[in-house]
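# Summary of the model geometry
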Amino acid sequence: MCKLCKKCGLEKELSKFHRDKTRVDGVYPQCKICVKEYGKEYRKTNIKKIRESKKEYRKTNVEKIKEHKKKYYKSNAEKIIDKTKEYRNSFALYNTFAHQISYAEEVRQDPENEQLLQVKCTYCKEWFNPTSQSVITRIMALEGKIKGELKFYCSNGCKKLCPIHWQKNILKIKNLMFRDLYKKSGLIW
Ligand SMILES: [Zn+2]
Ligand SMILES: [Zn+2]
């Protein structure tokens, strides 16, 4: 069965129209394409209006939105947690992270899979694929949002062996020693 679109005037199959139970023939008078075009046009010319009304909705429906989010989270909790875990343990993607750390780290695309990010191990200097989690924590450390440097290590073995990992502590000890010497000599403090 076909129907004439009120907007573009073309005869199209019923499946090309959105369903609308309030209409006699059960479908919308304009075809899906025309509805879509109208939506695009409307959004373009009414950006401000849409933004305002969304803002207004959020303001007057705080509880409702909270409730909705809670419900959504509850019924999808396992899925969300699994997804997050999976994401964090997965190898970091080059396009997502390279530009965020390239000022502090040597980065390259994995020669075997150019979508993946590779960095150099601070200790053995070998290229390896870091997890998204380790890149995120490194970025946060670089931005000073968490303590420590959290440099990249290809393995726990390298982390344990690496002198840089301990350098901070050694520096602290040295400072304390100097402070002690100065104190004794009466130069400062
Ligand atoms: Zn149409
Ligand atoms: Zn290493």
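Model, not experiment: these values are computed from the prediction.

This part covers the overall build of the protein chain. A tally of helices and strands in the protein chain yields 7 helices and 7 strands. Mapped in sequence order, the helices and strands of the protein chain form the string β-β-β-β-α-α-α-α-β-β-β-α-α-α. Counting over 189 residues, the protein chain shows a buried share of 9%.

Right, let's talk about the pairing of strand E5 (residues 107–110) for a bit. The side chains of a regular strand alternate between the sheet's two faces. Bridge count for E5 against strand E6 (residues 113–120) is 4 bridges, and the pairing is antiparallel. Considered in E6, the bridge of Asp110 is made with Asn113. Where E5 folds back onto E6 in an antiparallel hairpin, the turn is made up of 2 residues.

Within the secondary structure, Gly9 is located in the loop between strand E1 (2–4) and strand E2 (11–13). Taking the C-beta count within 10 Å as the criterion, Gly9 has 9 such neighbours and is therefore assigned exposed.

What follows deals with unusual backbone geometry. Not every positive phi belongs to a glycine, and Lys125 is a case in point at roughly 65 degrees. One can find Lys125 in the loop between E6 and strand E7 (127–128). By the C-beta count within 10 Å, which is 10 here, Lys125 ends up exposed.

Time to look at helix H3 (residues 62–89). When the terminal C-alpha atoms of H3 are compared, their 34 Å separation across 28 residues is substantially less than the 40 Å that a helix rising 1.5 Å per residue should span. The largest bend along H3 measures about 75 degrees and falls at Asn76. Across the 28 residues that make up H3, only a small minority, 0, are buried.

Turning to the sheet that holds E6, a few remarks are in order. One open sheet accounts for 3 strands, arranged E5-E6-E7; its pairing is antiparallel. Single-partner strands in this sheet number two, and they are E5 and E7. Taken together, the 2 bridges between E6 and E7 define a ladder with antiparallel strand orientation. Looking across to E7, one finds that Val119 is bridged to Phe128. Contacting E5 and E6, helix H4 (residues 94–101) runs over the sheet at an angle of about 35 degrees to E6.

What counts, and at which threshold
Residues numbered from 1 in each chain as written. Chains lettered and ligands numbered in written order. Predicted model: local features only at pLDDT ≥ 70, side-chain atom pairs only at ≥ 80, totals over all residues. Helix = DSSP H or I, 4+ residues; strand = E, 2+ residues; numbered from the N terminus. Buried ≥ 20, exposed ≤ 12 C-beta atoms within 10 Å, placed from the backbone. Pairing = 2+ DSSP bridges. Expected span 1.5 Å × (residues − 1). Bend = angle between axes of the 7 residues up to and from the residue. Contact = placed C-beta atoms within 7 Å. Axes fitted to C-alpha atoms, helices over the stretch in contact; angles between N-to-C directions.

Coordinates in, geometry out; function isn't part of it.
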